[in-house]
Amino acid sequence: MVFLFSIVSRYWEASQRWLRFVISEYFDPLDNVDGYAIDMANRFKEIGDIADLHEAIAAMQEAVKLTPEGSEDLPLRLNNLGCTLMYRFEQTGDLLDIASAISVHQRAVQLAPDGDADLAPRLHNLGNSLLSRFERTGDYPDVAEALSTQRRAVDLTPRDHADLPHIANSLGISLMRHFEHTGDIGSVVESISILREAVQLMPNHHPEIRLFLNTLSISFLARHDSTSDVDDITESIAALQRAVALTPQNHTALPTLLSNLGNSFVCRYHHTHDYRDIAKAISAQKQALELTPRGHPDLTAFQINLGNSLCRWSSIDDSRDNVDASISTFKSAATCTSGRPYNRLYAATRWARLINLHDPMSNNVLPAFDAAIGLIALNAGLDETVQRRHTLLKAAAGLPLEAAATAVSLGRVDKAVEWLEQGRCLVWGQLNSLRTPLDDLRAHDSQLAQSIVEVSRRLERAGSSRPLSHQGMSLSQKISMEGEARTHLALSRKWDDLLKTARAIPGFESFLKPPSCSTLMQHLPEAGFVVVVNIDERRCDAIALAAGQDEPLHIPLPNFSIEKATRYRDTLRTQLRSHGLRDREGEWTTVSDVESSTERPIRRVRGREKGDDGIVGGVLQGLWIEVVKPILEVLCLPKMASTDQVPPRIWWCPTGPLSFLPIHAAGIYDKLGSEGILDYAVSSYTPSISALTERVKKVHPIDPDMSGLFLTSQPNAPGAPPIPGTTKEIRSIYHIAETEGRRAVKLEGNAVTVDDCLEYMERFSSIHLACHASQNAIHPLQSRFLFHDGTLDLATIIQRNLKNADLAYLSACQTSTGEEKLSDEAVHLAAGMLAAGYRSVVATMWSINDHHAPDIAGDFYQCLWGQRNFEGGRGFNRTHSSYALHYAVQKLRHRLTDNSEKSLLSWIPYVHFGL
């Protein structure tokens, strides 16, 4: 259900009245500009032509520009400009408007001295603009700042002031949103208390009491969600019924009140199961839609509320008519271009899933999923904040997999591939789009191509992260932060405009759009197969792609399921923790913990449990029998006859919980011997097919002067446990490099700073980092490596634009683990280094043994540089890195001599990504 507030309308009108007062009392050359702005704003309210609002804002901006610093009129003009920008944001959803509104309100507050009578209303409007942005983005810092600002506004407002109820209403909304984010029941209780008092302070005939009653009603329902007290629903309905009764039929607030009233009836139905409540809900919500003009920004929210009520009604009377009406309503909401993207995504998802539920084999579901997948990318666009994108991606998790499974069921394997590519790995996909070569476009329009390059570089540098908290920031710092946010939004807008211009050119209609399946298949690696494994609640399938094939090959996996994948993942995670190989959130390892261990965990872990022998082997056996072996049989890959034979390659692209399982080690390992994927092929991983095909398209010779290896160990990074084995590791590799006559530089601990490392990364095509690492799932570009003098994050690496980047060996813990709630986003360091430009990455799935790590690394480079080189020759070639890791792992297996749990967990974590 979507509950809607009215935050800004009254304050925009009030700001006009203040501006009228200025015009009547003072006569300066800007009076005409002010008057024109007011006329345009009023005409918009009467006629609804958005062009009039644009004119009003342009006039107000000009007035602010022409008002000298120090003028008494400047704070007032800033305040009114901010209110009008906020009003336009409510009409269009343009984030640049609300960012600008916040900035000018902050400046108006900054110009008001302590004790100024206008400070409270200016704080109030600043709080409202922050709250309005929170309603759109969901970024908690905004609601926390709004709450603080509005509390201050209430404290500065006299008890008998006419504006106190309005300020209290806004404070009540902020408290409720704070409760929804934190679960602090005290916040919603305080909200109800404040809003009740605000309603009591307003005369019954006051035109805005309906807005206060609406907010009070929603607060009652918020408390009900926590306490399940049915009396709160009764209070909510009563407040809304009173608000509706006080609202004229043609009033713009009536649709919101009616739609919210319908939601309250639905909530009561869940308690009473009285079908009449659903009937009342549908009646109110239909009336809300009838009163809402096309193009209204809240239209999609009203349609969603009605669609959900119709769904509930269909479950009562088992009527297909109500199902069809619900599907039609959600379809209208999803395709309504004026709707907010998040609401449209929700509607498209409901549209697709309802068809899937009631007509599972209907082709009508294809356009529904097509819309939903496209809206995932739109919601996670470049103008979204990182926190908002993270929330949206979690909300949409599993949708691309469900869509792909549906497409496979309908015989559209090509569409399944396209949807998986379009709906997954969005963070890295966006970054890749900013770095796409523009040779073809440059040949057609060099100026346009250069503009795209310049904006893409600025977007890379700007990023889209906002602080997790504003606490401790001065107002000047907040103003500066908002300026950076506006700059980023403006760049995102310019990027979109440039793409539209490029796509208008004949032959460039698909410029930087998600590739079709046929396009993907044109740029696959020559040797081997790319295998996507899709997991959904209804079915599991593999899709194999190979160079030279016209179509992807569908391989059903009837004996595998999402339940098995989840069970295997959870079982493996438990075993890793019991063996001290997977950290737990928030618990750092102490030095004494590490001294008795040869592992490289970052945090404290439990001791090994008894009776766990064979559990990991059971997971690997299940993956072999149910997933990998059926795929190999269809691909007709024979078991290798000898270790001298060059094995074929498979690039695995797993989805869902399978992303956390070691497909590359699937097999049967017991005392009698073993059989597994290692006997048939060399395994690599890729976050997406596009991540691989882009590297195939961009392959170019490494500058001979840059070819070589930079190595560093960071055994004693501050705040992390010591890992002395890293020193032995890089010294051993450096010795091999000297013996083989390879160009290499080795720097240990304090001998290299973060800045030094970046310089060496530019001068050497390959790097070997033996250190601790930390992954940030919310903001992947802030994932980092820990050095003695600080941290090296992905954002900094990416900004260097490493043209000769070739191989990155990440000898750190869990550099390819990712986050379970975002399993299809590959938010790990290995994928990040691919995005930074490295063609191949060696990483680890969990904590690695400090005793074995030097041996694995040594054998890897010995194979890569020495006599044991695949496909002939002795060159330092990234295409051999997967074979080299395969060889090094096999050597470790032979040294371990058995297939015990401890031995399996020692060699399994090493994985290869990329070419």
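Computed from a predicted model, the values in this text were never measured in an experiment. (Residues numbered from 1 in each chain as written. Predicted model: local features only at pLDDT ≥ 70, side-chain atom pairs only at ≥ 80, totals over all residues. Heavy atoms only, no water.)

A. Spotlight on the overall build of the chain. The number of helices and strands found in the chain is 36 helices and 16 strands. Burial statistics for the chain: of 915 residues in total, 59% are counted as buried. Look at the contacts in the chain between residues 6 or more apart in sequence, and 72% of them connect residues 24 or more apart. Counting every atom, the chain has about 36,400 Å² of accessible surface; 50% of that belongs to carbon and sulfur. (Helix = DSSP H or I, 4+ residues; strand = E, 2+ residues; numbered from the N terminus. Buried < 20%, exposed > 50% of the residue type's maximum accessible area, 1.4 Å probe, protein only. Contact = heavy atoms within 4.5 Å. Areas by Shrake-Rupley, 256 points an atom, 1.4 Å probe, with all protein chains shown as cover.)

B. Layout of the pairing of strand 9 (residues 744–748). Across 5 bridges, the pairing between strand 8 (residues 709–713) and strand 9 is parallel. Of the residues in strand 9, the one forming a bridge with Leu-709 is Ala-744. Running through helix 30 (residues 725–740), the crossover from strand 8 to the neighbouring parallel element strand 9 is right-handed. (Pairing = 2+ DSSP bridges. Right-handed = clockwise from strand over helix to strand, strands pointing away.)

C. Spotlight on the pairing of strand 5 (residues 667–670). Here strand 5 shows one buried face, formed by Gly-667 and Tyr-669, and one open face, formed by Ile-668 and Asp-670. Across 4 bridges, strand 5 lies against strand 6 (residues 673–676) in antiparallel orientation. Within strand 6, the position partnered with Asp-670 by the bridge is Gly-673. Taken together, strand 5 and the strand that follows it, strand 6, pair antiparallel across an intervening segment of 2 residues.

D. Representation of the environment of Gly-548 within the structure. In this fold, Gly-548 is placed in the loop between strand 2 (540–545) and strand 3 (553–556). A residue is classified by how much of its surface remains accessible, and Gly-548, at 74% relative accessible area, is exposed. For the pair Gly-548 and His-523, spaced 25 residues apart in sequence, the C-alpha separation works out to 9.6 Å.

E. Fine view of the packing of helix 16 (residues 341–358) against helix 19 (residues 399–409). Closest axis-to-axis distance for the helix 16/helix 19 pair is 12 Å, and the angle between their directions is 35 degrees. Between helix 16 and helix 19 lies a crossing of left-handed hand. Where helix 16 abuts helix 19, its residues Leu-345, Thr-349, Arg-353 and Asn-356 lie against Leu-399, Glu-402 and Thr-406. (Axes fitted to C-alpha atoms, helices over the stretch in contact; angles between N-to-C directions. Left-handed = near helix turned anticlockwise from the far one by under 90°.)

F. Up close: the packing of aromatic side chains. Scanning all chains against the criterion turns up 12 aromatic pairs. A centroid spacing of 4.9 Å and a plane angle of 90 degrees characterise the contact between Phe-860 and Tyr-861, whose relative ring orientation is edge-to-face. Each of the two residues, Phe-860 as well as Tyr-861, counts as buried. Between Tyr-861 and Trp-865 the ring centres are 5.1 Å apart and the planes differ by 35 degrees, which places this aromatic pair in the tilted class. (Phe/Tyr/Trp six-rings, centres within 6.5 Å; stacked < 30°, edge-to-face > 60°.)

G. Representation of the sheet that holds strand 11 (residues 772–774) in the model. Strand order across the open sheet formed by 3 strands is 11-12-13, with antiparallel pairing between neighbours. Sheet topology places strand 11 and strand 13 (790–793) at the edges, where each strand pairs with a single neighbour. Going across the sheet, the axis of each strand differs from the next one's by a mean of 30 degrees, ignoring polarity. Set on the sheet, helix 31 (residues 754–763) makes contact with strand 12 (784–787) and strand 13; between it and strand 13 the angle comes to about 35 degrees.

H. Layout of the pattern of salt bridges. What the rule picks out here adds up to 33 salt bridges. Between Asp-232 and Arg-223 there is a salt bridge, with the nearest N and O atoms lying 2.8 Å from each other. With respect to class, Asp-232 is no different from Arg-223; both count as buried. Residue Asp-536 is joined to Arg-538 by a salt bridge in which the shortest nitrogen-to-oxygen separation is 3.1 Å. On the accessibility criterion, Asp-536 (9% relative accessible area) is buried. (Salt bridge = Lys/Arg side-chain N within 4 Å of Asp/Glu carboxyl O.)

I. Representation of unusual backbone geometry within the structure. Positive phi values are uncommon outside glycine, yet Cys-636 reaches one of about 60 degrees. Within the secondary structure layout, Cys-636 lies in the loop between helix 28 (615–635) and strand 4 (649–654). Cys-636 sits in the exposed class, given a relative accessible area of 61%. One non-glycine residue, Thr-897, lies in positive phi territory at about 70 degrees. If you trace the backbone, Thr-897 turns up in the loop between helix 35 (881–896) and helix 36 (901–907). The exposure class of Thr-897 is exposed, given its relative accessible area of 69%.

J. Region of the structure containing the environment of His-828. Here His-828 shows up in the loop between strand 14 (807–811) and helix 33 (829–835). Expressed as a C-alpha distance, the spacing of His-828 and Leu-781, which sit 47 residues apart in the sequence, is 9.4 Å. In terms of polar contacts, His-828 uses its side chain to reach the backbone amide nitrogen of Ala-831, at 3.1 Å. (Polar contact = N/O pair within 3.5 Å; in protein donor to acceptor, adjacent residues only side chain to side chain.)

K. Main features of the confidence of the model for the chain. Summarising the model, the chain shows a mean pLDDT of 84, and 85% of its residues fall at 70 or more. Here residues 583–611 scores under 50 on pLDDT; set against residues more than four positions off or in separate chains, the count is 69 contacts. Taken as a whole, residues 869–875 scores under 50 in pLDDT and shows 23 contacts with residues more than four places along the chain or in a different chain. (pLDDT = per-residue confidence, 0-100.)

L. Structural detail: helix 34 (residues 853–865). In this model, helix 34 (13 residues) spans 18 Å end to end at C-alpha, consistent with the 18 Å of a helix rising 1.5 Å per residue. Counting buried positions along helix 34 gives 11 out of 13 residues, so the element sits mostly inside the fold. Within helix 34 the residues assigned to the buried category are Ala-853, Pro-854, Ile-856, Ala-857, Gly-858, Asp-859, Phe-860, Tyr-861, Cys-863, Leu-864 and Trp-865. (Expected span 1.5 Å × (residues − 1).)

M. Expanded view of the packing of helix 8 (residues 164–182) against helix 9 (residues 185–201). The interhelical angle for the contact between helix 8 and helix 9, taken along N-to-C directions, is 160 degrees, at an axis separation of 8 Å. In terms of axis orientation, helix 8 runs roughly antiparallel to helix 9. Relative to helix 9, helix 8 is oriented so that their crossing is left-handed. Between helix 8, through Leu-164, Pro-165, Ala-168, Asn-169, Leu-171, Gly-172, Leu-175, Met-176, His-178 and Phe-179, and helix 9, the contact on the second element is made entirely by Ile-185, Ser-187, Val-188, Glu-190, Ser-191, Ile-194, Leu-195, Ala-198 and Leu-201. Counted by class, the contact of helix 8 with helix 9 contains 13 nonpolar, 5 polar and 1 charged residues. (Parallel < 35°, antiparallel > 145°, perpendicular 65-115°, else oblique. Nonpolar A, V, L, I, M, F, W, Y, C, P; charged D, E, K, R; others polar.)

N. Molecular detail of helix 4 (residues 73–92). The terminal C-alpha atoms of helix 4, which comprises 20 residues, lie 29 Å apart, in line with the 28 Å expected from a rise of 1.5 Å per residue. The buried fraction of helix 4 amounts to 17 of the 20 residues, a majority that puts the element mostly inside the structure. Positive backbone phi, at 75 degrees, marks Gly-93, one or two positions downstream of helix 4.

O. View of the environment of Val-189. As for its placement among the helices and strands, Val-189 is situated in helix 9. For Val-189, a relative accessible area of 39% gives the class partly exposed. On a C-alpha basis, the gap between Val-189 and Phe-220 in space is 8.8 Å, while along the polypeptide they are 31 residues apart.

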